[in-house]
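As a plain string of letters, each chain reads:
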Amino acid sequence: MAVDLHLHTTASDGTTAPREVVALAAAAGLSAVAITDHDTLAGIDEARAAASNHGIELIAGIELSLDWPTGNLHLLVYFLEPGTGPLQERLASLRTGRHNRNTEMVAALQDMGVPITYDEVLAEAGGDAVGRPHLGAVLVAKGVVADMKEAFERYLGNHAPAYRPRRRLGLDEAVELATASGAVTSVAHPHSVADSSDAYEAAFRRFAAAGVAGVECWYAAYAPDLRAHLADLTRSFGLIPTGGSDFHGAYKPDLHVGTGRGDLVVPDETVDALESRRPR
Ligand code: AMP
Ligand code: FE
Ligand code: FE
Ligand code: ZN
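Residues numbered from 1 in each chain as written. Chains lettered and ligands numbered in written order. Predicted model: local features only at pLDDT ≥ 70, side-chain atom pairs only at ≥ 80, totals over all residues. Heavy atoms only, no water.

Quick look at the coordination of the iron ion (ligand 2) now. Note on the iron ion (ligand 2): its protein donors are D13 (OD), D13 (OD), H38 (NE2) and H248 (NE2). The metal-donor distances range over 2.1 to 2.7 Å. Between the two metal centres, the iron ion (ligand 2) and the iron ion (ligand 3), the spacing is 5.5 Å. Of this pair, D13 sits in the loop between β1 (2-7) and α1 (18-27) while H248 sits in the loop between β7 (240-244) and β8 (266-267), placing them 235 residues apart in sequence. The exposure class assigned to D13 is buried, which follows from its relative accessible area of 7%. (Donors = N, O, S within 2.8 Å, 3.2 Å for Na, K, Ca; no water. Helix = DSSP H or I, 4+ residues; strand = E, 2+ residues; numbered from the N terminus. Buried < 20%, exposed > 50% of the residue type's maximum accessible area, 1.4 Å probe, protein only.)

Structure representation (structure tokens):
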């Protein structure tokens, strides 16, 4: 059977409620899913109740955006339970950092003459982990841009004029906090930090040194040969290949739970492999 270990819900920047994401996973015949909202576990309780009804396994998780010399490294954190713990407690300040950054970005947009208010962004977001896709959705809804792609190109992207940075954890710090919280980590969509075989190898060496458990190789956007190459490279460093769709509902309408763009298969043994790396 297959699984999907990278899913966003309305708790962060997805547009599908946690229970609906789980229902889509069950309909796709998956045996397990990980909910990995950005910087929040707010969707987990609802997702877990739904998973129990559908008879599938629910892994509590998050996705963190980390500092990296050449940009952003995203880190998936699995088996991070709602409640108290070193990483759980840090999430609140990460969400405050989002709020401060978003406020600055809305002010920058207003200075550029773009009609947008933070209240509109909060209404679009609904949850407590507010991000750039919510700003983008408001710009689309108001006809400022045609689509999310244009919103990032013209205003919100890392090199666009309304972008403002926010404080991020470093890789070592994030892995330490996750481990101290009983969780297991896997680097998300590693093409964000590498664009050649040599660059992948250097990055993977750094991931392994930091104590990361896995790397996301089966990613919807990757061609089959890249998925296979990354899985081989991951295993050569003693790490676990993982995978998922990075489903965001209507914000990324071409991606489907479980199957990505139709050809994604994440084997269910992946969950056991990650389980075996849980700190005890
Ligand atoms: P934030 O975490 O608020 O900085 O927003 C980052 C999120 O925006 C990422 O996790 C993606 O979901 C989305 N994103 C980043 N770059 C783009 C892009 N060029 N086009 C569409 N979505 C993007
Ligand atoms: Fe996202
Ligand atoms: Fe990501
Ligand atoms: Zn994601």
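After that view of the structure, there is still more to cover.
Once that is clear, we can look at the coordination of the zinc ion (ligand 4). Only H6 (NE2), H8 (NE2), E63 (OE) and D246 (OD) from the protein coordinate the zinc ion (ligand 4), and they sit 2.1 to 2.3 Å from it. Taken in sequence order, the residues that donate to the zinc ion (ligand 4) follow the motif H-x1-H-x54-E-x182-D. The distance between the zinc ion (ligand 4) and the iron ion (ligand 2) is 4.4 Å. In this pair, E63 is assigned in strand β3 (residues 57-68) and D246 in the loop between β7 and β8, connecting sequence segments 183 residues apart. Using a relative accessible area of 1% as the deciding quantity, one classes E63 as buried. Look at D246 and you get buried, because its relative accessible area is 3%.

Further remarks concern empty space enclosed by the protein. In total, this model carries one cavity of 30 Å³ or more according to the counting rule given. Taken as a whole, the largest cavity spans an internal volume of roughly 40 Å³. What lines the largest cavity is simply D39, L64, S65, L66, L94, R166, R167, R168 and L169. Looking at the lining of the largest cavity residue by residue, the classes come out as four nonpolar, one polar and four charged. (1 Å grid on protein atoms, 1.4 Å probe; cavity = no way out; pocket = protein on both sides within 12 Å on 5 of 7 lines; lining within 4 Å. Points joined across faces, edges and corners; volume = space filled by probe spheres on them. Nonpolar A, V, L, I, M, F, W, Y, C, P; charged D, E, K, R; others polar.)

In the contact formed by helix α5 (residues 132-141) and helix α6 (residues 148-156), the axes pass within 9 Å of each other and the chain directions differ by 105°. Taken together, the axes of α5 and α6 are roughly perpendicular relative to one another. The segment α5 lies against α6, with R132, P133, L135, G136, A137, L139 and V140 engaging M148, A151, F152, Y155 and L156. In terms of residue class, the contact of α5 with α6 is built from ten nonpolar, one polar and one charged. (Axes fitted to C-alpha atoms, helices over the stretch in contact; angles between N-to-C directions. Parallel < 35°, antiparallel > 145°, perpendicular 65-115°, else oblique. Contact = heavy atoms within 4.5 Å.)

Our next topic: the site of ligand 1. With respect to spatial proximity, the complete set of residues near ligand 1 consists of D13, H38, H74, R98, R101, G131, R132, P133, F152, R166, H248 and K252. Contact distances for ligand 1 include 2.8 Å between an oxygen atom and a side-chain N or O atom of R132. H248 places a polar side-chain atom, nitrogen or oxygen, 3.4 Å from an oxygen atom of ligand 1. Out of a free accessible area of 500 Å², ligand 1 has 73% covered by protein chains. Of all the cavities here, the one that holds ligand 1 is the largest pocket. Where the shell around ligand 1 is concerned, the elements lending two or more residues are α3 (86-111) and α5. The residue makeup of the shell around ligand 1, split by class, is two nonpolar, four polar and six charged. (Near = heavy atom within 4 Å. Polar contact = N/O pair within 3.5 Å; in protein donor to acceptor, adjacent residues only side chain to side chain. Areas by Shrake-Rupley, 256 points an atom, 1.4 Å probe, with all protein chains shown as cover. Sits in = over half its atoms within 2 Å of the grid points.)

Below, the discussion takes up the sheet that holds strand β2 (residues 32-38). The strand order across the open sheet formed by eight strands is β7-β6-β5-β4-β3-β2-β1-β8, and the pairing between neighbours is mixed. Of all strands in the sheet, those with a lone pairing partner are β7 and β8, marking the two edges. Judged from the four bridges that link them, strand β4 (residues 71-78) and strand β5 (residues 184-187) form a sheet pairing that is antiparallel. Residue pairing for β5: Y78 is matched across the bridge by V184. The sheet strands contacting α3 are β2, β3 and β4, and the helix crosses β3 at an angle near 55°. (Pairing = 2+ DSSP bridges.)

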